[in-house]
Structures are given as structure tokens and as C-alpha cells.
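# Breakdown of the fold
Read off the chains here:
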Amino acid sequence: MAYQHRYLDGSPLALPAGKVVCIGRNYLDHIRELNNAPPDTPILFIKPATSLSALDDPIRLPAGRGGCHHEVELAVLVGQELRDADAATARQGVAGYGVALDLTLRDLQTELKRKGYPWETAKAFDGSCPLSPFLKPRDLPDPQAVEITLRIGGEFRQQGHTGQMMIGIFDLMAHISTHFTLLPGDVVLTGTPAGVGPLRSGDQLLLGLAGREFAARVG
Ligand code: ZN
């Protein structure tokens, strides 16, 4: 089914599915686990609208391209056009918060990084951004102080706290808006905490945001 943004409470949400702007390294513990250096400026990349998939649709792992890793991340739905915005304006432009997976073909990404090539084929493939329904901003008044978790088969694999981000949510959105105009319906992914690892066919996932959990399944 074609992906459409929706609110968790079922209220109308008439924003088109746009691009997804992501930050490569925003939690120190995850930077250390991949033996990366902390960046001096944020590493940004984009997934197209065709990467979006609702969490209740089965997650499809691309065949024959090596391991596909989960990266659980706080997702921010953009409700207003943001260009060269400051952090306060970015905050006012938020239409909702959700939880997403930034699916990553890790073997392919490692190979591309080694050769100095761009990462798109490892990060931006169809269905590479499974995404939950959104909470309204008033239902998550302090998004910089919430837990973000991933369980697989009941076992915790990723447990982070948005307070651990090196660049906060609204500063990140402001920075992004100096490079790419954010449009209503775009999504910002805010980076993943430690614990990334491969998904397997049949895995049952629970993505957690501020104590709420959303189920997903690898097809
Ligand atoms: Zn990520």
C-alpha cells in the first residue's frame, strides 16, 4: 500500500510523503561502536519519499546485498517550510514525532565508504525507512528528553535517550535548513544510539518512543 503520513490518534493529517533528511552520526556511543570519528560538521544524507513504509507493512530486506542493519531513530515530521531557519522557528514548524528505522545495507555501505563513494544505494533503497504514526507535538512536550528503544523478539537491542544527541533536534533541523529547504511532509531522522545490528527474515520488532511501542515484522 502507498505510504501516507498519519497521526496515532487517527486525526486527519494531510501532508504529502516527502523526502527524509538524516544525520549520519549524532550519538557518541554509536560513533564509537562503528569506530568512526566524531564529525566536526553534521554528516547529512537524504532518503527519497519512496523509502517510506508504514510499520504495519512487512519490512522487506533487499536480497543479495549483504547485511541490513536496524538503526532506530526519533523521526520529526515537518509541517511548515523551513529555509535558513533558527532553532525556535524549526520547533514551531514541527507537525509530529514518530519513531523510524534508518535501514542500512551495512556491508555495502562499508565497501562504498572504503572506496570514497556516496552511500545512496546502501541507505536510500525502496522501503529503507519504516516509520510509525506520529504523535502531535503537544503529546510529546519535551522530545529532547525521551527514551528511544528497539526490541527484537522481546529483547532490547537499542536503548537510547534523546538527551544523548550531540546536536539537538531543533538545532539539527535549523542546520539542515541551511543546506536543504524542508517542506511540509518531509521527515527528519535524528541519528541512532548504539546497538545497531542485522535484521533477519521473520524478526518481530518493537520500536519504542517515550514508553509507547510500535510493532513491526521483517517479511
Ligand atoms: Zn541513521
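Residues numbered from 1 in each chain as written. Predicted model: local features only at pLDDT ≥ 70, side-chain atom pairs only at ≥ 80, totals over all residues. Heavy atoms only, no water.

With antiparallel pairing, the four strands of this open sheet are ordered in space as S10-S9-S13-S14. The open sheet terminates on both sides in strands that have one partner only, identified here as strand S10 (155-161) and strand S14 (212-217). Taken over all neighbouring pairs, the strand axes of this sheet differ in orientation by 15° on average, direction set aside. Bridge count for strand S9 (residues 147-152) against strand S13 (residues 204-209) is five bridges, and the pairing is antiparallel. In the sheet register, Arg151 faces S13, and the bridge partner there is Leu206. (Pairing = 2+ DSSP bridges. Helix = DSSP H or I, 4+ residues; strand = E, 2+ residues; numbered from the N terminus. Axes fitted to C-alpha atoms, helices over the stretch in contact; angles between N-to-C directions.)

By the burial criterion, the buried members of helix H3 (residues 106-115) are Arg106, Gln109 and Leu112. Angular distribution of buried residues about the axis of H3 spans 125°; they occupy a single face of the element. In this fold, the buried residues of H3 make contact with helix H1 (28-33), strand S4 (68-70), strand S7 (104-105) and helix H4 (120-123). (Buried < 20%, exposed > 50% of the residue type's maximum accessible area, 1.4 Å probe, protein only. Arc of directions from axis to C-beta. Contact = heavy atoms within 4.5 Å.)

The subject of this paragraph is the side chain of Arg25. For Arg25, the location among the structural elements is in the loop between strand S1 (20-23) and H1. Of the side chains with opposite charge, Asp40 comes closest to the buried, unpaired Arg25, at an N-O distance of 8.6 Å. Separated by 3.3 Å, the side chains of Arg25 and Asn36 make a polar contact. From its side chain, Arg25 meets the backbone oxygen of Ala37 in a polar contact 3.4 Å long. Excluding its chain neighbours within four sequence positions, the residues that come into contact with Arg25 are Ile31, Asn36, Ala37, Pro39, Ile43, Lys113 and Met166. (Lys, Arg positive; Asp, Glu negative; His and termini not counted. Salt bridge = Lys/Arg side-chain N within 4 Å of Asp/Glu carboxyl O. Polar contact = N/O pair within 3.5 Å; in protein donor to acceptor, adjacent residues only side chain to side chain.)

Judged by pairing direction, the sheet is antiparallel, and its three strands sit side by side in the order S7-S4-S12 without closing on themselves. If you trace the sheet from one side to the other, it starts and ends with S7 and strand S12 (197-198), each paired once.

Let us now look at helix H5 (residues 169-179). Restricting attention to buried positions, one finds in H5 the residues Ile169, Phe170, Leu172, Met173, Ala174, Ile176 and Ser177. For H5, the elements touching its buried residues are S1, strand S2 (44-47), strand S5 (72-78), helix H2 (87-92), strand S6 (94-101) and strand S11 (187-189).

Before going further, it helps to spend a moment on unusual backbone geometry. Its identity is not glycine, yet Asn35 carries a phi of approximately 55°, on the positive side. On the secondary structure map, Asn35 appears in the loop between H1 and S2. The phi dihedral of Asp84 falls on the positive side, at around 50°, and the residue is not glycine. Within the element layout of this structure, Asp84 appears in the loop between S5 and H2.

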